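Fold and geometry: a report
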Amino acid sequence: MSAGDPLTLYDAVLSSRLLLGTARYPSPAILAEAIKASGCEVVTVSLRREAGGSRAGESFWRLIRDLGVRVLPNTAGCRTAKEAIATAQMAREVFGTNWIKLEVIGEEDTLQPDVFGLVEAARALSDEDFRVFPYTTDDLVVAERLLDAGCRVLMPWAAPIGSGRGINNAFGLRALRAHFPGVPLIVDAGLGAPSHAAAVMELGYDAALLNTAVALAGDPVSMARAFALSVEAGRKGYLARPMTPRDFAEPSTPVIGHAFDESA
Amino acid sequence: MQISVNGLTREVEAQTLALLIEELGYGTQTVATALNHEFVRSKDRSDTKLREGDAVEILTPRQGG
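Residues numbered from 1 in each chain as written. Chains lettered and ligands numbered in written order. Predicted model: local features only at pLDDT ≥ 70, side-chain atom pairs only at ≥ 80, totals over all residues. Heavy atoms only, no water.

Focus: the overall build of chain A
Each helix and strand counted, chain A has nine helices and 10 strands in total. For chain A, the spread of C-alpha atoms along the three principal axes comes to 85 × 40 × 35 Å. The burial tally for chain A puts 51% of its 264 residues in the buried class. A separation threshold of at least 6 residues defines the contact pool for chain A, and within that pool the share at least 24 residues apart is 65%. Here chain A displays about 12,200 Å² of accessible surface, and carbon together with sulfur accounts for 54% of that area. Across chain A, 25 positive and 31 negative side-chain charges occur, with their mean positions spaced 5 Å apart. (Helix = DSSP H or I, 4+ residues; strand = E, 2+ residues; numbered from the N terminus. Buried < 20%, exposed > 50% of the residue type's maximum accessible area, 1.4 Å probe, protein only. Contact = heavy atoms within 4.5 Å. Areas by Shrake-Rupley, 256 points an atom, 1.4 Å probe, with all protein chains shown as cover. Lys, Arg positive; Asp, Glu negative; His and termini not counted. Charge placed at Lys NZ, Arg CZ, Asp CG, Glu CD.)

Following this line, the structure appears as C-alpha cells:
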C-alpha cells in the first residue's frame, strides 16, 4: 500500500491493510514466509494450555518476534465475557500489548459472536485500558453499543469463521460503512478468495483480516501475496470511486462516425 | 493436595502458584496463569496460595486466527 494512504488503528499507523492469522499453516517456515510475502504488519495470536517442558509455545513466540510484526492476541474459544476478560488479561502480560481481538462465541455451528457478552467484555476491557478489536456481526445497534463501550475499531464478519464463503450480507456491510464513516472497519472472518478481499475493500472497508484462506491454500505463500495485492487493488478502486452500474448497455466506442452509418 | 491443572486433576506438593509452575517443569517458559477463572499476574504468583480443589490454568503463546 502506498505511504500516502496509511491506516490508523488506535496508536498504530500502518501501511498494510491486510492482517493475517497465524494458525493452520503446514509448517512454521511456511507461516513465516507467508507473513513476509503478505507484507502485513499485524498478525493474530492466541494463548493455549501447554504441558510443562513442551516449549512449543516458546518456539512459536520466538518465530513471531523475529518477524518484527505487531501482534493482536485473540480470545478465541471464550464463551462468556468473564472468560474473555481473563484471557485478555493473560494475553496482555504474555504478549506485552494492550491490543486484544475480542471474541465471545455464542453459537457452535456458525461461531457467531455472542454480542451481549461481547459488549459487556468490551466495556470492562476498555475500562482497563485495553485497545479492543471486537469480532462482531454487521448489526448496527451492536456496533453502536461497542463504540459506546469504548471500542475505536470494529471487526464485522463477512461470513462464519473458516467458511471461505466471502460476503454473506453486502447490504449489512454497506450499511455499517455508511453509518460509521469515521470508524476503522476491518472485515474479519469468512473470506476465502482474493476477490472477496477486493470486494470488501471496494465497499470502503479499511482493512481485511483473514487466516484460513491463506493457511489452507495449496500454496500459502503465493496466496498471501495474492491477498495483499487484492486488498491493495480493492482499496485503490474504492478511492478511485467506481462508476455507477447501469441496467442496459452503453457503447464505449463513439457511435457517431462509424463506417456505413446511414443515420448521418 | 489435589487440584486441577489445565483441566486435568493432579496431586501436587506446591503450596503456591509460583512453586506449582516450578514443580510442573515450566522453568523459565513464558506462561500466563489463572486461578479459579481469575487472572493472576506473574508478580503475584509467589503470594498466591493453592488450596484443595483449586482450578489452575497455565497458558503459553500459540498460533491464532
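Considerations on the side chain of Thr 16 of chain B
All names here are of chain B. Relative to the helices and strands, Thr 16 resides in the loop between strand S2 (8-11) and helix H1 (17-23). Taking relative accessible area as the criterion, Thr 16 reaches 9% and is therefore assigned buried. Side-chain polar atoms of Thr 16 contact the backbone nitrogen of Leu 19, separated by 3.1 Å. Setting aside anything within four residues of it in sequence, one finds Thr 16 in contact with Arg 45, Ser 46, Thr 48, Lys 49 and Leu 50. (Polar contact = N/O pair within 3.5 Å; in protein donor to acceptor, adjacent residues only side chain to side chain.)

Describing the layout of surface pockets
In this structure, the largest pocket spans a volume of roughly 490 Å³. Taken together, 30 residues line the largest pocket, and the ones lying closest to its centre are Ile 161, Gly 162, Asn 211 and Thr 212 of chain A together with Gly 65 of chain B. When contributions to the lining of the largest pocket are tallied by element, the ones reaching two or more residues are strand S4 (42-49), strand S10 (207-210) and helix H8 (212-215) of chain A. Residues belonging to the lining of the largest pocket are distributed by class as follows: 11 nonpolar, 13 polar and six charged. Estimated volume of the second largest pocket: approximately 350 Å³. In this structure, the second largest pocket is lined by 16 residues; those nearest its centre are Glu 83, Thr 87 and Met 90 of chain A together with Glu 57 and Leu 59 of chain B. For the lining of the second largest pocket, the element with the most residues is helix H3 (residues 81-95) of chain A, which contributes five residues. A per-class count over the lining of the second largest pocket returns seven nonpolar, four polar and five charged. (1 Å grid on protein atoms, 1.4 Å probe; cavity = no way out; pocket = protein on both sides within 12 Å on 5 of 7 lines; lining within 4 Å. Points joined across faces, edges and corners; volume = space filled by probe spheres on them. Nonpolar A, V, L, I, M, F, W, Y, C, P; charged D, E, K, R; others polar.)

Points about the pairing of strand S7 (residues 131-136) of chain A
Residues and elements named next belong to chain A. Most of S7 is tucked away: five of the six residues are buried. Pairing geometry for strand S6 (residues 99-102) and S7, over four bridges, is parallel. Residue pairing in the sheet places Lys 101 in a bridge with Phe 133 of S7. Taking the sense of rotation as the criterion, the β-α-β connection linking S6, helix H4 (residues 115-127) and S7 turns out right-handed. For S7 and strand S8 (residues 155-156), the ladder comprises two bridges, and the chain directions are parallel. Paired with Tyr 135 across the strands is Met 155, a residue of S8. Taken together, S7, helix H5 (residues 140-148) and S8 form a β-α-β motif whose crossover is right-handed. (Pairing = 2+ DSSP bridges. Right-handed = clockwise from strand over helix to strand, strands pointing away.)

Concerning the packing of aromatic side chains
All names here are of chain A. Per the counting criterion, the structure on display carries three aromatic pairs over all chains. Judged by centre distance (4.8 Å) and plane angle (45°), the rings of Trp 99 and Phe 133 are tilted. In this pair, Trp 99 sits in strand S6 while Phe 133 sits in strand S7, placing the two residues 34 residues apart along the sequence. The burial state of Trp 99 is the same as that of Phe 133; both residues are buried. Each member of the aromatic cluster is reached from another via a ring pair, and the members are Tyr 10, Trp 99 and Phe 133. The residue whose ring lies beneath Arg 70 is Trp 99, and the NZ or CZ to ring-centre distance is 4.5 Å. Against the face of Tyr 205 rests Arg 177, its NZ or CZ located 6.0 Å from the ring centre. (Phe/Tyr/Trp six-rings, centres within 6.5 Å; stacked < 30°, edge-to-face > 60°. Lys NZ or Arg CZ within 6 Å of the ring centre and 35° of its normal.)

Considering the state of the cysteines
The full count for this structure, using the stated rule, is zero disulfides over all chains. The cysteine Cys 78 of chain A is free of any disulfide, with Cys 151 of chain A supplying the nearest cysteine sulfur at 16 Å. (Disulfide = S-S within 2.5 Å.)

Some details on a negative patch on the surface
Residue and element names in this part refer to chain B. Side chains of Glu 11, Glu 13, Glu 23 and Glu 52 sit close together on the surface and give a patch of like negative charge. Mapped onto the fold, Glu 13 is located in the loop between S2 and H1. Among the residues examined, Glu 13 registers a relative accessible area of 64% and is labelled exposed. (Patch = residues over 30% accessible without salt bridge, like charges linked within 9 Å, V, L, I, M, F, W, Y side chains within 5 Å. Salt bridge = Lys/Arg side-chain N within 4 Å of Asp/Glu carboxyl O.)

Details of unusual backbone geometry
Residue and element names in this part refer to chain A. For Arg 24, which is not a glycine, the phi torsion comes out positive at approximately 75°. Residue position: Arg 24 is located in the loop between strand S3 (18-21) and helix H1 (28-38). Arg 24 gets classed as exposed once you look at its relative accessible area, which sits at 52%.

Things to note about the interface of chain A and chain B
Tallying the contact residues gives 30 residues for chain A and 28 residues for chain B. Interface area, chain A with chain B, both sides summed: about 2,400 Å², of which 53% is carbon and sulfur. Among the residues chain A hides against chain B, the three largest losses belong to Arg 49, Met 90 and Glu 93 of chain A. Together they make up 26% of the total. There are four salt bridges connecting chain A and chain B. Two residues, Glu 38 of chain B and Lys 82 of chain A, come together in a salt bridge whose shortest N-O distance is 2.8 Å. Counting across the chain A and chain B interface gives 21 residue pairs in polar contact (both at pLDDT 80 or more). For the side of chain A that touches chain B, the secondary structure elements donating two or more residues are S4, helix H2 (56-67) and H3 of chain A. When its residues are assigned to classes, the side of chain A that touches chain B shows 10 nonpolar, 11 polar and nine charged. (Buried area = accessible area lost by both parts, 1.4 Å probe.)

By themselves, these figures tell us nothing about what the structure is for.
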